[in-house]
Structures are given as structure tokens and as C-alpha cells.
Amino acid sequence: MNLKNYYTTLFVLFICIGNVSAQFDAPNTPPEESPMPMKPEMTEIWEPEVTVVTPADILGDAPSDAIILFDGKNLDQWVSQKDVSQAAPWKIVDGKFFEVVPNTGGIQTKMKFGDCQLHIEFSAPDEVKFSGQGRGNSGVFFQNRYELQVLDSYQNRTYRNGQAGSIYKDHAPLVNAMKPPLEWNTYDVIYTAPRFKPNGVLESPARITVLHNGVLVQNNATINGLTKYIGLHDYPESHGEDVISLQDHGTTAQFRNIWIRKL
Ligand code: MG
């Protein structure tokens, strides 16, 4: 090969290598021609079909996929917290609702739950006897740890993060939507359980949304930890699904129409 041919071959080789390398190095940019135009069906997802749930005829009653925790008949879904081998010691009244029997201890579900949608109705004692935290105090404890306060907060001042609709000593409710003692109240709750890493460290705290009589009182609020009467709340240990419990605070309160959906 003479010198001229040698340089020509070298030049062609460089061009080829350049082209190949340009193909491999090409950034992931869209082609210059306009992209394929979008069609309506390109953003439609059909499968799997969304599960059908039949809603109740009356708003607030259980939809078809709910687990019934109390419908007036019995407390078979509940046990005593003092001795979980024993039946729940609270009193069913008129086959319609049940009442806290003070100082018999709290009650808890037999089943365990994590993320859930809960509906529960409650009423303060008909006769107004006490004040502050002493009037119709109970509570719904998610995963047996995090308390949504139940209290007669109708014209009854107490600390704002301890009244009805509060996450006890954690978040005050956004407003006070309490009905007077002779009327029933509803809580509709969307609860997201806390997540923990394999080593037990908190990954994400629990969150809660609460409607009190249809009024938003907790808006996806962060639950800052285990409910304590004294001291700041935290997550001392990791845990999985757990029971829902109702508090015996030594005062009467009434409950009815309790159902739950696992999420
Ligand atoms: Mg309470």
C-alpha cells in the first residue's frame, strides 16, 4: 500500500468508527420527526376490572365488603382486654347499641387490622354529670396503640388535643362537630398503619383522616406515636397488624353500627 492509499484507508476507518461510536453514544433524545399522536385509548386501563362493592341503602351503613364488628345483636367480635379469653363485659341495650360498663376494662376486636376504613357511631351519656375529660370519655385505639378520642365535647371545654375528634394529646381536631348528648355521632376513619424497616426502625408514621358527623376533623394527619397520658409520643417498637380496642375510662359512653374494611 502506498502512502496515499494508507492515509485514505485510515480516514475511512476513522469515519466508520466515529459513526458506530456516535450510535452508541447517542443520547436518549426523541427523533426529530414529530412523535406518534396520542389517542384517547392510549391512556385507558381496562384490566383488571375494579372490584364491585354494593353500597348500603343508607349512608353510614356497611357496604357489601365490610366486616361487621357490631350491628346490635352481640359482642361476638370482641373480647375483654383484662382477659382476652373472656367475652367483652360491656352491656348491650335494646338490641341496638352497647354501653361501656365503667371499670370492667376495655374491649378489643378478635381480629387484627392494619390499614383500614372504620365506621363507628357513639353517643355521650344522656345525663350530663361531669365535665372535661370526665364526660363520656372513651376512645378508639388503632392497632391497640393510637387513640382517636371519644368524648362528649358538646359545650364541654377541655384541652384542645384531648377533645372529641382529636388524636389524643397529638392532634386537635380541625373543628368541633359534636352533637348534643341525646344524639348519635359518627366517625368515618381512613387509617394508614405505620411502616417499619426490617431492623425495627420507623420508616413512615401512621396517618389518619377522620370525618366527625361528616365534617373533616383530621386531614391525613401524621400520628406521632404511641398514645401516652404523660410524655411525648413516639414509636418505641415495630409492630404489625393488631386489634382495635375501645377504652374504658371509667365513664359511660355508647356505641353502635361498627364496621370496618381492610385496605
Ligand atoms: Mg379517651
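What follows concerns the overall build of the protein chain. Secondary structure summary: the protein chain contains 1 helix and 15 strands in total. Sorting the 263 residues of the protein chain into buried and exposed places 41% on the buried side. Sequence separation of 24 or more characterises 64% of the internal contacts of the protein chain that already satisfy a separation of 6 or more.

A few words now on the sheet that holds strand β7 (residues 138-142). The strand order across the open sheet built from 5 strands is β2-β5-β14-β7-β8, with neighbouring strands paired in antiparallel fashion. Of all strands in the sheet, those bounded by a partner on one side alone are β2 (78-80) and β8 (146-150). Two elements, β7 and β8, share 5 bridges in a ladder whose sense is antiparallel. Looking at β8, one finds that Phe142 is bridged to Tyr146.

This part is about the pattern of salt bridges. Applying the stated criterion across every chain yields a total of 10 salt bridges. Residue Asp242 pairs with Arg145 through a salt bridge whose shortest N-O separation is 2.9 Å. Linking Asp242 in the loop between β13 (215-222) and β14 (245-246) with Arg145 in the loop between β7 and β8, this pair joins segments that are 97 residues apart in sequence. For the pair Asp242 and Arg145, a shared accessibility class is recorded, and that class is buried. In this structure, Lys262 and Glu241 form a salt bridge, with 4.0 Å as the shortest nitrogen-oxygen distance. Taken as a pair, Lys262 in strand β15 (residues 254-262) and Glu241 in the loop between β13 and β14 lie far apart in primary sequence, 21 residues in all. Assessed through its relative accessible area of 43%, Lys262 is described here as partly exposed. Accessibility expressed as a relative area gives 47% for Glu241, which makes it partly exposed. In the salt-bridge network here, residues are joined through shared partners; they are Arg145, Glu237 and Asp242.

The rules behind each value
Residues numbered from 1 in each chain as written. Predicted model: local features only at pLDDT ≥ 70, side-chain atom pairs only at ≥ 80, totals over all residues. Heavy atoms only, no water. Helix = DSSP H or I, 4+ residues; strand = E, 2+ residues; numbered from the N terminus. Buried < 20%, exposed > 50% of the residue type's maximum accessible area, 1.4 Å probe, protein only. Contact = heavy atoms within 4.5 Å. Pairing = 2+ DSSP bridges. Salt bridge = Lys/Arg side-chain N within 4 Å of Asp/Glu carboxyl O.

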